[in-house]
Amino acid sequence: MLHGAGGNAMGALGPWMALAEEAGVILLAPESRGATWDVILGRMGPDVAFLDRALEYVFDRFMVDPARIVVEGFSDGASYALTVGLAHGALFRQIVAFSPGFSVPPRRVGSPRIFVTHGVRDPVLPIKACSRVIVPRLEGQGYEVRYVEFPDGHTVPRELAREALEWALQRA
């Protein structure tokens, strides 16, 4: 679960805590090493390394179904989720992106399933320049994308968080 710019791990957990408990899933909400994720600042490195260490910690302590590892994010975290998820599609079989601005994977690996939502009145990352560009590009590259627009702004509606979690837990 990757937070937006200026956010933190606790903020990323928002609507997910109760949903995860109901579904019996483990949540991992690392924090970016800076004010936002490193790729947004023009490079990948410290955040990916920290994410690797955090995942190792979880894998060492819990039984994790490798087919159900999901990377999820909101805003800048969604852009990072798409970037990291597409670059590491053999690990992240599902990607959930709420209001992403872009994706810039250095390479693409695997064929993760992708769930994208975006508010039609998003003043922070306008849908027309973001998801309405990103989604057709991903579909054109052969990715399976579930895309949902909703009437609000820059937010994660609880009902779409639930839908995304249920979607992510389905096996491809």
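Residues numbered from 1 in each chain as written. Predicted model: local features only at pLDDT ≥ 70, side-chain atom pairs only at ≥ 80, totals over all residues. Heavy atoms only, no water.

Peer 1: Could you give me a rundown of the side chain of glutamate 72, with the residues and numbers involved?
Peer 2: Examined against the element boundaries, glutamate 72 turns out to sit in strand S1 (residues 70-74). It turns out glutamate 72 is buried and unbridged, and the closest side chain with the opposite charge, arginine 158, is 12 Å from it. In this structure glutamate 72 touches Met1, Leu2, Trp16, Ala81, Val96 and Phe98, once residues within four positions along its chain are discounted. (Helix = DSSP H or I, 4+ residues; strand = E, 2+ residues; numbered from the N terminus. Buried < 20%, exposed > 50% of the residue type's maximum accessible area, 1.4 Å probe, protein only. Lys, Arg positive; Asp, Glu negative; His and termini not counted. Salt bridge = Lys/Arg side-chain N within 4 Å of Asp/Glu carboxyl O. Contact = heavy atoms within 4.5 Å.)

Peer 1: Quick rundown of the pattern of salt bridges? Include the residues and the values.
Peer 2: Taken as a whole and assessed by the stated rule, the structure comprises 6 salt bridges. Here aspartate 152 and arginine 121 are joined by a salt bridge, their closest N and O atoms 4.0 Å apart. Of this pair, aspartate 152 sits in the loop between strand S4 (145-150) and helix H6 (158-169) while arginine 121 sits in the loop between strand S3 (113-119) and helix H5 (131-140), placing them 31 residues apart in sequence. A residue is classified by how much of its surface remains accessible, and arginine 121, at 57% relative accessible area, is exposed. Measuring nitrogen to oxygen at the nearest pair gives 2.8 Å for the salt bridge that ties glutamate 149 to arginine 132. Here arginine 132 lies in helix H5 and glutamate 149 lies in strand S4, a separation of 17 residues in the sequence.

Peer 1: For the packing of aromatic side chains, give the residues involved together with the corresponding values.
Peer 2: Applying the stated criterion to the full structure yields 3 aromatic pairs. Plain terms: the ring middles of tryptophan 37 and tyrosine 80 are 5.1 Å apart, the flat faces sit at 15 degrees to each other, and that makes the pair stacked. Highlighted residues: tryptophan 37 in the loop between helix H2 (16-23) and helix H3 (46-61) and tyrosine 80 in helix H4 (residues 76-87), separated in sequence by 43 residues. As far as burial versus exposure is concerned, tryptophan 37 and tyrosine 80 are alike and both buried. With 5.4 Å between their ring centres and 55 degrees between their planes, phenylalanine 115 and tryptophan 167 make a pair best called tilted. Within this pair, whereas phenylalanine 115 is found in strand S3, its partner tryptophan 167 is found in helix H6, the two being separated by 52 residues in sequence. In this pair, the class of phenylalanine 115 matches that of tryptophan 167, namely buried. Over the face of the ring belonging to phenylalanine 50 we find arginine 33, whose NZ or CZ atom lies 3.6 Å from the ring centre. (Phe/Tyr/Trp six-rings, centres within 6.5 Å; stacked < 30°, edge-to-face > 60°. Lys NZ or Arg CZ within 6 Å of the ring centre and 35° of its normal.)

Peer 1: Can you tell me about empty space enclosed by the protein, naming the residues and giving the values?
Peer 2: Enumeration according to the criterion identifies 1 cavity of 30 Å³ or more in this entry. As for the largest cavity, its lining consists of Ser103, Arg108, Ile134, Arg137, Leu138 and Gln141. Residues that form the lining of the largest cavity fall into these classes: 2 nonpolar, 2 polar and 2 charged. (1 Å grid on protein atoms, 1.4 Å probe; cavity = no way out; pocket = protein on both sides within 12 Å on 5 of 7 lines; lining within 4 Å. Points joined across faces, edges and corners; volume = space filled by probe spheres on them. Nonpolar A, V, L, I, M, F, W, Y, C, P; charged D, E, K, R; others polar.)

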